[in-house]
2 protein chains.
Amino acid sequence: MARTAGSHSDITGPRVRQAALRLFARQGYAAVSMRQIASEVGVQAGALYNYTPDKQSLLFDLMQAHMRDVLGAVPDPKGRSAMDQLEDFVRFHIAFHFGRPDEVFIAYMELRNLTPENFEVIEKQRKLYESHLEQILDNGVSAGAFAVQDPKIATFAVIAMLTGINTWFREGGRLSLEAVQDQYWHMVRTAVGA
Amino acid sequence: MARTAGSHSDITGPRVRQAALRLFARQGYAAVSMRQIASEVGVQAGALYNYTPDKQSLLFDLMQAHMRDVLGAVPDPKGRSAMDQLEDFVRFHIAFHFGRPDEVFIAYMELRNLTPENFEVIEKQRKLYESHLEQILDNGVSAGAFAVQDPKIATFAVIAMLTGINTWFREGGRLSLEAVQDQYWHMVRTAVGA
DNA sequence: CTTGGTTCTGAACAAATGTTCAGTTAAATC
DNA sequence: GATTTAACTGAACATTTGTTCAGAACCAAG
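Residues numbered from 1 in each chain as written. Chains lettered and ligands numbered in written order. Predicted model: local features only at pLDDT ≥ 70, side-chain atom pairs only at ≥ 80, totals over all residues. Heavy atoms only, no water.

**Some words on the overall build of chain A**
Moving on, step 1. Each helix and strand in chain A was counted, giving 8 helices and 0 strands.
Moving on, step 2. What you see in chain A, going N to C, is helices and strands ordered as α-α-α-α-α-α-α-α.
Moving on, step 3. Seen along its three principal axes, the alpha-carbon backbone of chain A occupies a region of about 65 × 40 × 35 Å.
Moving on, step 4. Here chain A holds 194 residues, and the buried ones make up 47% of them.
Moving on, step 5. A separation of at least 24 residues holds for 68% of the contacts in chain A among residues at least 6 apart in sequence.
Moving on, step 6. Charge centroids of chain A, computed over 20 positive and 22 negative side chains, lie 5 Å from each other. (Helix = DSSP H or I, 4+ residues; strand = E, 2+ residues; numbered from the N terminus. Buried < 20%, exposed > 50% of the residue type's maximum accessible area, 1.4 Å probe, protein only. Contact = heavy atoms within 4.5 Å. Lys, Arg positive; Asp, Glu negative; His and termini not counted. Charge placed at Lys NZ, Arg CZ, Asp CG, Glu CD.)

**Looking at the relation of the copies chain B and chain A**
Moving on, step 1. The two copies are related by a screw operation: chain B maps onto chain A through 180° of rotation and 0.0 Å of translation along the axis, at an RMSD of 0.0 Å. Classification of the inter-copy transformation places it as that of a two-fold axis.
Moving on, step 2. A share of 100% of the interface residues of chain B reappears at the interface of chain A, consistent with the copies meeting face to face through the same patch. (Least-squares fit on C-alpha atoms with pLDDT ≥ 70 in both.)

**Describing the domain arrangement of chain A**
Residues and elements named next belong to chain A.
Moving on, step 1. The assigned domain composition of chain A is domain 1 (9–52) and domain 2 (57–191).
Moving on, step 2. Between the C-alpha centres of domain 1 and domain 2 the distance comes to 28 Å.
Moving on, step 3. Across the domain 1 to domain 2 interface the summed buried area is about 1,100 Å²; carbon plus sulfur atoms make up 75%.
Moving on, step 4. In this assembly, domain 1 and domain 2 are joined by 1 salt bridge. (Domains from an automatic or database assignment. Buried area = accessible area lost by both parts, 1.4 Å probe. Salt bridge = Lys/Arg side-chain N within 4 Å of Asp/Glu carboxyl O.)

**Topic: empty space enclosed by the protein**
Empty space among the atoms becomes visible once a probe the size of a water molecule is rolled across them.
Moving on, step 1. With the rule as written, the count across this model stands at 4 cavities of 30 Å³ or more.
Moving on, step 2. Lining the largest cavity are 18 residues, with Ala-30, Arg-112 and Asn-113 of chain A together with Arg-112 and Asn-113 of chain B sitting closest to its centre.
Moving on, step 3. Classifying every residue of the lining of the largest cavity by side-chain character gives 8 nonpolar, 6 polar and 4 charged. (1 Å grid on protein atoms, 1.4 Å probe; cavity = no way out; pocket = protein on both sides within 12 Å on 5 of 7 lines; lining within 4 Å. Points joined across faces, edges and corners; volume = space filled by probe spheres on them. Nonpolar A, V, L, I, M, F, W, Y, C, P; charged D, E, K, R; others polar.)

**A look at the nonpolar core**
Moving on, step 1. If you look at the biggest cluster of nonpolar residues, it comprises 68 residues, and the most contacted ones within it are Leu-86 and Tyr-184 of chain A together with Leu-86 and Tyr-184 of chain B.
Moving on, step 2. When contributions to this core are tallied by element, the ones reaching two or more residues are helix H4 (82–98), helix H6 (116–142), helix H7 (151–163) and helix H8 (177–191) of chain A together with helix H4 (82–98), helix H6 (116–142), helix H7 (151–163) and helix H8 (177–191) of chain B.
Moving on, step 3. Once you skip the residues sitting within four places of it in the chain, Tyr-184 of chain A turns out to touch Ile-94, Met-161, Leu-162, Ile-165 and Trp-168 of chain A together with Ile-153, Phe-156 and Ala-157 of chain B. (Core = buried A, V, L, I, M, F, W, Y, C linked by side-chain atoms within 4.5 Å.)

**Section: the packing of aromatic side chains**
Moving on, step 1. For the structure on display, the rule yields 14 aromatic pairs over all chains.
Moving on, step 2. Consider the rings of Trp-168 of chain A and Phe-169 of chain A, whose centres lie 5.7 Å apart with planes at 80°: the pair is edge-to-face. In this pair, the class of Trp-168 of chain A matches that of Phe-169 of chain A, namely buried.
Moving on, step 3. Summarising the aromatic geometry, the rings of Trp-168 of chain B and Tyr-184 of chain B are spaced 6.5 Å apart at their centres and angled 15° between planes, so their arrangement reads as stacked. On the criterion of sequence distance, the pair formed by Trp-168 of chain B in the loop between H7 and H8 and Tyr-184 of chain B in helix H8 is long-range, its members being 16 residues apart. (Phe/Tyr/Trp six-rings, centres within 6.5 Å; stacked < 30°, edge-to-face > 60°.)

**Some points on the interface of chain B and chain A**
Often, the extent of an interface is quoted as the loss of accessible area upon association of its parts.
Moving on, step 1. Contact residues are listed per partner, giving 33 residues for chain B and 33 residues for chain A.
Moving on, step 2. When chain B packs against chain A, the two sides together hide about 2,800 Å² of surface, and 62% of this comes from carbon and sulfur.
Moving on, step 3. Looking only at chain B, the three residues that lose the most surface to chain A are Arg-112, Ile-153 and Gln-183 of chain B, adding up to 23% of its buried area.
Moving on, step 4. Across the contact surface, chain B and chain A share 4 salt bridges.
Moving on, step 5. When the shortest N-O distance is used, the salt bridge between Arg-112 of chain A and Glu-110 of chain B registers 2.9 Å.
Moving on, step 6. Applying the counting criterion to the chain B and chain A interface returns 7 residue pairs in polar contact (both at pLDDT 80 or more).
Moving on, step 7. Elements with a contribution of two residues or more to the side of chain B that touches chain A: helix H1 (9–27), helix H5 (101–109), H7 and H8 of chain B. (Polar contact = N/O pair within 3.5 Å; in protein donor to acceptor, adjacent residues only side chain to side chain.)

Have a look at this one:
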């Protein structure tokens, strides 16, 4: 046998995904060319096709990996009160998304650039995440811990509010992650009438 | 003199802007071609250049017109209590954005596809709108009507929450505009600790 | 040093892009 | 009916696009 499989590919491969992530987040999928990605990696455009069958898969894989990470990290609500479950979720969402601004940006800005089949897959995962929060609210309402008229709407409102953080929050700003978590948790808690 | 200026252009002109609006909102600026817009209007691509100097201006004009409309319609806070001002703003935002889903979508999804000069113009108007809300919150805090720790953050949170409505609300759904306004106003009111 | 196989280059491909423009069409005025 | 001019066509342009592929370069094992 000769050179073992992926002797360079385990270096170049991640760099390709990383470059695609950066560029897609900054300029948008449709505005980024394969040559641009290749140039950022320091390679010719043709070489990218050792690591992805096509441009679309590059986007899809990035989104899928992100959704897998998110869903795998959602805090387990078992044995926690409704209020604690909600607090866990809010703090988790902020902290998790805080360290992945590019992934988050792509995950909800580039949905329309997915092929219909790929879109269906990602959308299913997105709804799974939302249903986590909806479950918490539903249960809390039943238990009398929350006072929301429509848990579905409250879910949308909370998610939109939390995800919006990424549009303005930058590391090294005047506020720490903990301060942001505290303030948003306060707003969410009062908004659900607790 | 002959044919008066714009004898057709006052028909085709708006149709060009309308087609661009629709397509930009659905597929994104970068993914839409001039030929696609022309085809929707029922005209050849070259004819579009009677109505816009280039593709970028088409996007910029749409965003600018929207921002002008929004800023011109913000309710006047004069002579209203802090609480009423906030309620006015929340209900206005929902109602106004409700009738213009495409414009809203473009206005915050296509910012990165503006040239730097155009971006600066739009961004200035966007911040002007946000500062309306921030003023209301600031004044309300001073008057003791609200209890928010940081009005700047509360501003972002409320705007994100309200703008998020456009991602799920469709006319003819199970909820009326008024019902949505009521529920969001309830959440905002409690979130600012009133 | 030879061999075998992975990784990349560099050129090529057809298709699509934004934009220009000479020329055709058609309507309003005289 | 002749003239004038706005509105549009249709072809052309230089670039850029995603993708393919033969061959060079390179490295590790025998």
